[in-house]
Amino acid sequence: METVTGYVTGINGNLANVKFEKAVRKNEVAYILVDGKRLKGEVIRVNNGIASMQIYEMSNGIKVGDPVEFTGELMSVELGPGLLTQVFDGLQNPLPDLAEQCGFFLERGVYLDPIPDREWDFTPSVKVGDSVEAGSIIGSVPEFQFTNQIMVPFTLKGNDWKVKSIVEAGMHHVRSTICVIENSKGETMDLSMVITQPIKHANKCYSERLRPDEPLVTKLRAIDTFLPVAKGGTFCVPGPFGAGKTVLQHSEAKNGEADIVIVAACGERAGEVVEILKEFPELIDPKTGRSIMERTIIICNTSSMPVAAREASCYTAVTLAEYYRQMGLDVLLLADSTSRWAQAMREMSGRLEEIPGEEAFPAYLESTIAAFYERAGKVRLKDGRVASVTIGGSVSPAGGNFEEPVTQATLKVVGAFHGLSRERSDARKYPAIHPVDSWSKYKGVVDMDRVEDARSILKKSIEVNQMMKVVGEEGTSSDDYTIFQKGELLDAVYLQQNSFDEIDAACVPERQRLEFDIMYDVLHKNYDLTEKKDIRAFFNQLRQEFIDWHGTVFGTPEFEAQQKKVTEFYLSKAAN
Amino acid sequence: MQKVYTKIESIVGNVVTVRAEGVRNGDLALVGDSYATVIKLDNDVVSLQVFAGAQGVGTTDEVRFLGKPMMVSFSDNLLGRIFDGAGIPRDNGPALTENMIPIGGPSFNPSKRILPNKMIRTGIPMIDVFNTLVESQKLPIFSISGEPYNELLSRIALQAEVDVIVLGGMGLKYDDYLAFRDTLERGGAMGHTVMFIHTASDPIVECTLVPDMALAVAEQFALEGKRVLVLLTDMTNFADAQKEMAITMEQVPSNRGYPGDLYSSLASRYEKAVDIEGAGSITILGVTTMPGDDVTHPVPDNTGYITEGQYYLKNGHIEPFGSLSRLKQNVNGKTRDDHRAVMDGMIKLYAQYKESLEKKSMGFLMTEWDEKLLKFGGLFEEKLMDLSVNIPLEDALDLGWEILADCFEPNETGIKTSLVKERWPKKEAL
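Residue positions are given per chain, counting from 1 as you read along its sequence in written order. Here the convention is simple: chains get letters from A, ligands get numbers from 1, in the order in which they are written. The predicted origin of the model limits local features to residues at a pLDDT of at least 70 and limits the giving and counting of side-chain atom pairs to 80 or more, whereas totals for whole chains, interfaces and linings rest on all residues.

A. Structural context of the overall build of chain A. Under the scheme used here, helices are H or I runs from DSSP no shorter than 4 residues and strands are E runs no shorter than 2 residues, and both carry numbers assigned from the N terminus. When helices and strands are tallied, chain A shows 14 helices and 26 strands. Over its C-alpha atoms chain A spans a radius of gyration of 27 Å, differing by no more than 12% from the 25 Å that the globule rule assigns to 576 residues. Scored against the burial criterion, the 576 residues of chain A give a buried share of 51%. In chain A, the proportion of contacts linking residues at least 24 apart, taken out of those at least 6 apart, comes to 68%. Only C-alpha atoms enter the radius of gyration; for comparison, a globular chain is expected to reach 2.2 Å times N to the power 0.38, where N is the number of residues. In this scheme every C-beta is placed from the backbone, and a residue whose C-beta has 20 or more other C-beta atoms within 10 Å is buried, one with 12 or fewer is exposed, and one in between is partly exposed. Throughout, a residue-residue contact means that the two C-beta atoms, derived from backbone geometry, are no farther apart than 7 Å.

Below you can see the structure in the form of structure tokens.
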């Protein structure tokens, strides 16, 4: 193909105007040649023969007249075996390799191969003459505990392709041709284990989308029981700074019962990514007995990296997620934070001199956010397997005010809202998810009617507490005081978890069901107590027993002994 | 070699435009005798941001492009020197031109970072004991105008155990600048200090250069293996300068007039804080004054999302409640075995003291326990919270035990019995 070229005519921040000859496409990738370096960019507008490009790098040193090469390809990532455990920037550059090549700093214009250069033990699953289409599996390679399936590119058009040749089982290089396909017109295509996928198009190689109806267990009681997340669903975590968004996401990344976890650190602190990098390889997934790093990919475009690449990073992450979904896996994508992503859009929109919407965010903010979250979903693949992508995005609202545009646009499209509250985090309550203001439309691990019932007691308890602030403890009836204490108990021992305690930090669904049953019974019993002093003492003691229970390993004799202690204690005071 | 242009086409705010060719984005130029930097190119129209401000610039003034970006000299000769935002000496010393390095360089590769794990001792108990400063941490001091934040910074500069101090002053009152200089000279810290000072009356563009200058120099010292502490005051002035420039350039404002990239521009500076594997480190302490004591104001709000905690300076001392050092867990477990216990125990009691104080002010009867708390609170504020206290961490912990022993019985403190046995001061020693 002929390369289309052009030259720079103007530059403003990270936006370059380019005069071009022949044809260009919107959203195609182009490179500006500066001092022998190739700076990557994306065409985001074409107007009067001038293409406007956002540059994914710092734009210092570019001058008018610098040559530009258009690639004709949309902004894409490479998919193939060997992506797991890696750390990429927003453009899928492997950061450790970059450090090896360039040292301490991120040099611009250096783009490295994301797919490790090595051989894999390939087993074909098609034979000559088989029909294939986009997304068909042609074979597989083992990668850690997974079977990484090698697929026909998702962008392949037409359904009259047949396998012309396929290699024998054995070691093959990741980029060597392993299969040749041919269509009815006689066109052929060489396939390797690596495929290229544009990042801004949802991958639709499935037969139908299904309702997300199965809980994605996070081992957090407040989420799994009260505010569940479904496989293939979406949820958002807005919260002011210091409320623990990142801590919560890390916990979900660690304990979430998904096959693959993709963490997109988008415009946040580099230090937090370092924590994952140092901590995750040490942690063992109890289900598989292997390091949880082996199921993790990190996309890390921290706040000090160029803004345009930050915009791309969320798309890069979701494209990787869709790739693993096509293998029949359940993928959890955690994006921290989508506000930074939206701000990146705002910066570009400002440079393009578009008419601003609320708080100067572009008018297309809502539809862009909606399109991103809609890439989550539970699907039935063409071969009948069911797989899912779940997206959880944190939101950093300015001033902690949920009325701002990004939070509002996100709330419209997600299935669960985990709002973090400053009061709860200041009181060191973890997780700081507000149990009454937050909501979820998904089904949890416990019967939802009973959960609603428990929540109503919590609401009532909060009301009593408000009232008590005015009339004092003296002016509150014993019955109301009991309700208040019940709500406090539910909050303290069910909604809160001790993230530092290895046992309590991850609560499995069976345990949640059992504990909820007991808690439900506690909440619905009347107690033979009239003095407030006695009521307080009773609930304090009960809380202590519950906390001790949380410290025991599920299913052990100690666990059962403490369960008995809890039950006997509250039943001893229960009225008939 | 250098071409001179003499036809300035427009002068708006601090931005002038001139028609020229072959100019690079971000390059330095001389407009008259003031430095300027290229901020925008449109065909042959070059927009230049004039550092000294465009006041008095004439349409026929000479414009010369220097063909290089903004740079700062780096060598050990910097130590003890004071510069302005454009890198010009303020202290009558010679201008430095050797070993020029560009400012605002690329971001540090996250995979080369290490987990912060070294404490920086400051001799201030409210920092060392309660919210330990950790090497490579970035922390703002949230404060309102009138609080002694600059005094606090100079005390930290004098007392902190670091190799190099880089002070970046933005929009400083001239008196404050002199106070910094005199304090550091008197305290003998000037020998390992570099200062980049922009005072309130200096051109606004120079204000936005100060953090980049300070951090570029800090980065080089850190690469040489030095432990560098960067003090920035006041980042709200930096943000306001950015706002002023953005508005004159007719950028669409996002929130209370601040430009949409406020978060990114603050983050790219704060994120320079780093602990480099096999070399030194950069720790950043910045002052953020909160207009109207409002933490939801865009500057403190965006800062809070970037930094690793904050110190709240209120009524002349570091508030124990609003303040938080997110990295303190990384270090306070290995200082002394009683560090965490004393920290937690005293803060819990201090919180109860606040409640008692409230009760007292509302006219409730004080119980014996309340009286104990009131005594404790008074001693705590006098002996530990006062900013003029300068004692090492170990002494501060011992002092903590003394205060506890002075006011309470051991079982009232909620501290583990084993620690109490070991550390509780004997009565006769008091």
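B. Looking closely at the environment of G32(B). Residues and elements named next belong to chain B. Counting through the fold element by element, G32 comes out in the loop between β4 (27–31) and β5 (34–42). Classification of G32 as partly exposed rests on a count of 17 C-beta atoms within 10 Å. Placed 26 residues apart in sequence, G32 and G58 show a C-alpha to C-alpha distance of 8.7 Å. Beyond its immediate sequence surroundings of up to four residues, G32 is in contact with V57, D61 and E62.

C. Quick peek at unusual backbone geometry. Residues and elements named next belong to chain A. Following D336, the chain continues into S337 via a peptide bond in cis, with omega recorded as 5°. Position of S337 relative to the elements: it lies in the loop between β22 (330–336) and α6 (338–351). Between Y430 and P431 the backbone carries a cis peptide bond, its omega angle lying at -10°. The residue P431 is located in the loop between α9 (422–426) and β26 (439–440) in this model. Positive phi is not limited to glycine here, since F144 has a value of about 50°. With respect to the element layout, F144 can be found in the loop between β11 (137–143) and β12 (146–151).

D. The arrangement of the nonpolar core in detail. Of all hydrophobic cores here, the largest spans 290 residues; its most connected members are I262(A), A264(A), L333(A) and V230(B). Element by element, the count of residues in this core is highest for helix α4 (residues 204–223) of chain B, at 13 residues. Beyond its immediate stretch of four places on either side in the chain, A264(A) contacts I299(A), S313(A), C314(A), A317(A), L333(A), L334(A), A335(A) and D336(A). Any nonpolar core is a set of buried residues, restricted to Ala, Val, Leu, Ile, Met, Phe, Trp, Tyr and Cys, that join up through C-beta atoms within 7 Å.

E. Structural detail: the interface of chain B and chain A. Taken residue by residue, the interface counts 43 residues in chain B and 48 residues in chain A. Elements with a minimum of two residues in the side of chain B that touches chain A: β5, β17 (253–255), α6 (262–270) and α7 (298–306) of chain B. Residue contributions to the side of chain B that touches chain A peak at 5 residues, all from α7(B). Along the lines of polarity and charge, the residues of the side of chain B that touches chain A split into 16 nonpolar, 16 polar and 11 charged. Any two strands with at least two DSSP bridges between them are considered paired. Where strand β1 (residues 4–12) of chain A and β5(B) come together, 3 bridges link them in antiparallel fashion. Bridging across to β5(B), N12(A) finds its partner in K40(B). For this scheme, ten residues count as nonpolar: Ala, Val, Leu, Ile, Met, Phe, Trp, Tyr, Cys and Pro. Four count as charged, namely Asp, Glu, Lys and Arg, and the remainder, Gly too, count as polar.

F. Fine view of the sheet that holds β11(A). All names here are of chain A. With antiparallel pairing, 4 strands are arranged side by side in an open sheet as β12-β11-β9-β14. Lying at the two open borders of the sheet, with one neighbouring strand each, are β12 and β14 (170–173). On average, each strand axis in the sheet is tilted by 45° relative to the strand beside it, whichever way the strands run. Summarising the sheet, strand β9 (residues 119–124) and β14 pair through 4 bridges and their orientation is antiparallel. Of the residues in β14, the one forming a bridge with W120 is H172. A fitted line through C-alpha atoms serves as each axis, taken over the contacting stretch for helices, and the angle formed by two N-to-C directions is quoted from 0 to 180°.

G. Looking closely at α4(B). All names here are of chain B. The terminal C-alpha atoms of α4 lie 31 Å apart, and with 20 residues this matches the ideal 28 Å at 1.5 Å per residue to within 8%. Think of it this way: the bend at a residue is just the angle between two axes, each fitted to seven residues, one set ending at that residue and the other starting at it. In α4, a bend of some 30° at V210 exceeds every other bend along the element, and P211, a proline, comes one to four places later. Extensive coverage of α4 is indicated by the burial of 19 of its 20 residues. Backbone geometry just after α4 places G225 at a positive phi near 100°. To estimate how far a helix should reach, multiply one less than its number of residues by 1.5 Å.

H. Highlighting the pairing of strand β3 (residues 15–19) of chain B. All names here are of chain B. In terms of strand pairing, strand β2 (residues 8–12) meets β3 through 4 bridges, oriented antiparallel. Within the sheet, the bridge partner assigned to V12 lies in β3 and is V15. The turn linking β2 back onto β3 is made up of 2 residues, and G13 within it adopts a positive phi angle of 60°. Bridge analysis of β3 against strand β6 (residues 45–50) gives 5 bridges, and the strand direction is antiparallel. Within the sheet, the bridge partner assigned to V16 lies in β6 and is L48.

I. Examining the sheet that holds strand β13 (residues 161–166) of chain A more closely. The strand order β10-β13-β15-β16 (chain A) describes an open sheet built from 4 strands, whose pairing is antiparallel. The open sheet has two edge strands, β10 (131–132) and β16 (188–191) of chain A, and neither has a second partner.

J. Focus on the environment of Y315(A). All names here are of chain A. Locating Y315 in the fold gives a position in helix α5 (residues 307–325). On a C-alpha basis, the gap between Y315 and C266 in space is 11 Å, while along the polypeptide they are 49 residues apart. Excluding residues within four positions of it along the chain, Y315 makes contact with I199 and K200.

K. Fine view of the pairing of β12(A). Residues and elements named next belong to chain A. The sheet contact formed by β11 and β12 spans 6 bridges and is antiparallel. In the strand pairing of β12, V141 is matched with N148. Two successive antiparallel strands, β11 and β12, enclose a turn made up of 2 residues, where F144 displays a positive phi of approximately 50°.

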